[in-house]
Amino acid sequence: MRLFSSLVLFWVFSITFMPAGRSEVEELGCNKSAMFLAPLGSSEHRQYAADREVQALHLALDVTPDFKHETIQATASLRFKPVAKPIPELKLNAVDLQVSAVTATEQVQAYQVTDEQIVVTFATPIPAEHEVTVTITYHAQPTEGIYFRTPEMGYKEQDTHLFSQGEEIEARHWYPCLDSPNQRLTSEITCHVPEDMTVISNGKLLSKETDSTTHLVAFHWSQDKPHANYLVSLCAGRFKGIEDKYRDIPLRFFTPASEINEASNSFRDTKDMMGFFEQEIGVPFAWDKYDQVCVNDFVAGGMENTSATTLTDGTLFTDATENIRNSEGLIAHELAHQWFGDLVTCKDWSHIWLNEGFATYYETLYEQHKHGRDALLYELYQRMRQITGITNDVTPIVRRNFDKPGEMFGYLVYPKAGWVLHMLRCQLGDDLYRRCIQTYVQRYKFGNVTSDDLRKVIEELSGRSFDRFFDQWLYHGHHPELEISYAWEETTHLAKLTVKQTQELGPEVMLFNFPLTFRFKGKFGTVDQTVEVTRKEEDFYFPLSSGPELVRVDPKFTLLAKINFNPPSAMLGAQAVQKDDLVGRLLAIEKLADKRDQDSIEKLAGILRSDAFYGVRLEASKGLASIHTHEALEALLASIDQPDARVRQEVVNDIGAFYDPQALAVTRQTLEREKNPAILSSCLRSLSGYSAADVNETLEQYLHSNSYRNEEATAAIAGMRLQDDPAFIQPLLAVLDQHEAKFTSSGFGQGLQALAYLARNQEKKDDAREFLLARIDHQKRSVQLACISALGTLGDPKVIPVLQRFARASKSSPQQAAAERAVADLRAGRKPVDDFKNLRQEVADLEKANRELRKQVDDLKQRVDARAGVPAPAAKSGSRNRRGSTREGQ
């Protein structure tokens, strides 16, 4: 399951200044990023795998959905057997199911339905290994597990559909089951729908028959190989699809009917991925077919249901976005799960990294297969920065101290666990690693695994102990934090490197033991030396024939660590242009950006213009933006014509981060000439903060524009919020009222939030308040949550009684939590802190003061040099004298 994009921006940034080139998959990831990025505290509850007093064998569901009323009428038949001893009753997980009948192949004495279970008591205990089938007839209006998308909810009638979601423990909300990862069973689903609808489920389609009385079509699907209960899937509705085939395996990709024109963009690499994963893993695809179904407002990015993955419609994109948007990562992640998670399933949620970490890493391996080694390294680099940027985390990847399974689905089991697998591969070597993984999957296929099962296979085939590796990387938290210093001893011809582990040690954080490679380049050629780091501080000496011109730490990028290493300036300059060392160039960019001097700006500008890899150019642009001086802006302005759309968008974003007349002028020019909607959206956000007369006019013009998924209008709304001008209130109200259907749920929710923000300081808030209150019961949950939050932002105490209706709900829910926060904000009189417009002006004032101070320092230095007889430096060709440049309008 992919809850986030592989590149996660911090929560505050995603709210205030989200780059336009991000898909709804990535936005969803940010919506969950408060949990995703935060370290988890210890829980009083320790969680273990559920007992298996009974083993589920086969599930048969017969379901008739009522789309208008969002209900299902269903029959569930579960065949099971007691494992070790007779049982007098069967306890099934079931939430809010209205049961009308229970029968069985053995005599039922009684049954009872509680809030969480259906308990079937038998007249006589069922003996061990004796198979029994229990059949339960019920109806339900699920709030989880099954999700409807209907015109009554605000979706397009031609796209009416429903979808299920089982992970982590949602299946119990739509059918009675043994809802635990260590229950594997075969399954079948018969679903009755109108004739213009289709049904997609696990396995193969056995039949499709029309009832002459009801005119409903019954689709009968069968999954005849055992899989985990949470992977049972049902999607039904007005879908359209395209087809392909890999070997004899049918491949299909479905979207809501109105979105079918974009299906091929997302689907195009599936066949290539299937072949790559079979070769890389060494185990053939195990299932009968592979379907992918895009649905409206999915609850995550994707879900790897066996042979029938469900995806967010936010992954769909048009050709106009060039290479800014693609579905490769999401599609590869969910396809890799068909091996890691579906074929081999974690025993319980404490080992979920065996599902998600593998899917994340194999997604990255496909990136290498498709785009080359540098693409893999760049993805690992980005994830490393993300992981090591979370400084207060001491939580292990494998742990049992959690209250709910959802707490386990954070960055630890996705990018960090993927990095752990990368380190394993580096230590074992590619060939041995592949043999280990092939053996692991073959040995445990159609079964459950723990982390120890993987360790045992690796030790068996490698002959090495991996106890310490698993202990420090999986069962303990954090990562090494290294301070590394370098010195050259000319008399002894020894290179000295001192390594200090500076992470704070404690019960959850160890002193790490790991191999570390140093690379020396010089007249002697290239020398790699690997040492074993075992202590808190160690000195390492390396004999070389002459002083090295370049020293690199971990040149092959095999260690997840936060490394502080500051090579001499000459070495840093050489590192920045090493064509065969992508990570070295990226690290050099970081250091150059930290230096913030003119020489560093010129080096970064050169990299932005000429580096061969797009990611390096992109990071150079970010580096210039972080320096944030006039000279850095000029370097960005000179580099806006980038052939790669991803870099072009980054440069536009980074120029937009400056509050400067030149930046505004270039943003306007880009709006006039640019065709890429993602880059246009970046420009619209960049306009915010400027008081120029035409800025508001431009934002309002794009508010009424038409674009795919109304992306440009949504970006205009983001710009209006940042502009913080109440003149936008009425135009925004009108567009939201008249054109809600044009917006995605996320986009409309952002509109509601912007409306409240713009009106928060108005004396009369009646229009905004009534507009929001009219949508407080919106049937789209994401819109309803945005509306509740917006009422808190509005700052109008009159809405408190309405919000309390949700805050005092008997059952905990996202709506309850949002209402509680909103009421607390209103009562405390708190106001939003993202006053971007004023913040920009304050930054501009500080920059102006800094420039004036620097000018005075430059003048003083020139006077001192003149008195000392030092000649003035020659002006560089093509550049203006800094003393003669002016900054009008600052």
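As a reminder, the structure under discussion sits directly above these lines.
Residues numbered from 1 in each chain as written. Predicted model: local features only at pLDDT ≥ 70, side-chain atom pairs only at ≥ 80, totals over all residues. Heavy atoms only, no water.

**Focus: helix 7 (residues 353-371)**
Working note: α-helix, 3.6 residues per turn, so residues spaced by three or four point in the same direction.
No. 1: Look at helix 7: 26 Å from first C-alpha to last across 19 residues, which is about the 27 Å you get at 1.5 Å a residue.
No. 2: Immediately downstream of helix 7, the backbone of glycine 372 shows phi near 105°, a positive value. (Helix = DSSP H or I, 4+ residues; strand = E, 2+ residues; numbered from the N terminus. Expected span 1.5 Å × (residues − 1).)

**Here's the deal with the sheet that holds strand 9 (residues 161-164)**
No. 1: Strands sit in the order 8-9-14-11 across an open sheet of four strands; the sheet is antiparallel. Looking along the sheet, the strands with just one partner apiece sit at the ends: strand 8 (146-149) and strand 11 (198-201). Here the average twist between neighbouring strands, direction ignored, is 10°.
No. 2: Two elements, strand 8 and strand 9, share four bridges in a ladder whose sense is antiparallel. Note that in strand 9 the partner of tyrosine 147 across the bridge is phenylalanine 163. (Pairing = 2+ DSSP bridges. Axes fitted to C-alpha atoms, helices over the stretch in contact; angles between N-to-C directions.)

**A word on the nonpolar core**
No. 1: Core analysis: the largest hydrophobic core is formed by 208 residues, its most contacted members being Phe277, Trp339 and Tyr362.
No. 2: Core analysis: the second largest hydrophobic core is formed by 49 residues, Val63, Val102, Cys177 and Val193 among them. (Core = buried A, V, L, I, M, F, W, Y, C linked by side-chain atoms within 4.5 Å. Buried < 20%, exposed > 50% of the residue type's maximum accessible area, 1.4 Å probe, protein only.)

**Some details on the environment of glutamine 815**
No. 1: With respect to the helices and strands, the residue glutamine 815 is situated in helix 28 (residues 814-828).
No. 2: Sequence separation between glutamine 815 and alanine 786 is 29 residues; the distance between their C-alpha atoms is 9.6 Å.
No. 3: Those residues within four positions of glutamine 815 in sequence are excluded, and the remaining contacts are Arg781, Gln784, Leu785, Ile788 and Phe806. (Contact = heavy atoms within 4.5 Å.)

**Thoughts on the side chain of histidine 422**
No. 1: Along the chain, histidine 422 turns up in helix 9 (residues 412-428).
No. 2: Among residues more than four places away in sequence, those in contact with histidine 422 are Tyr361, Leu376, Leu380, Phe557 and Thr558.

**Focus on the packing of helix 10 (residues 430-444) against helix 11 (residues 451-462)**
No. 1: Running from N to C, helix 10 and helix 11 cross one another at 130°; their axes reach a closest spacing of 9 Å. Relative to helix 11, the element helix 10 lies oblique. Along this stretch, helix 10 crosses helix 11, giving a crossing that reads as right-handed. Here Leu432, Arg435, Cys436, Ile437, Thr439, Tyr440, Arg443 and Tyr444 of helix 10 come into contact with helix 11, specifically with Asp453, Leu454, Val457, Ile458, Glu460, Leu461 and Ser462.
No. 2: Grouping the amino acids of the contact of helix 10 with helix 11 by side-chain chemistry returns nine nonpolar, two polar and four charged. (Parallel < 35°, antiparallel > 145°, perpendicular 65-115°, else oblique. Left-handed = near helix turned anticlockwise from the far one by under 90°. Nonpolar A, V, L, I, M, F, W, Y, C, P; charged D, E, K, R; others polar.)

Function-wise, these values are silent; they only describe arrangement.
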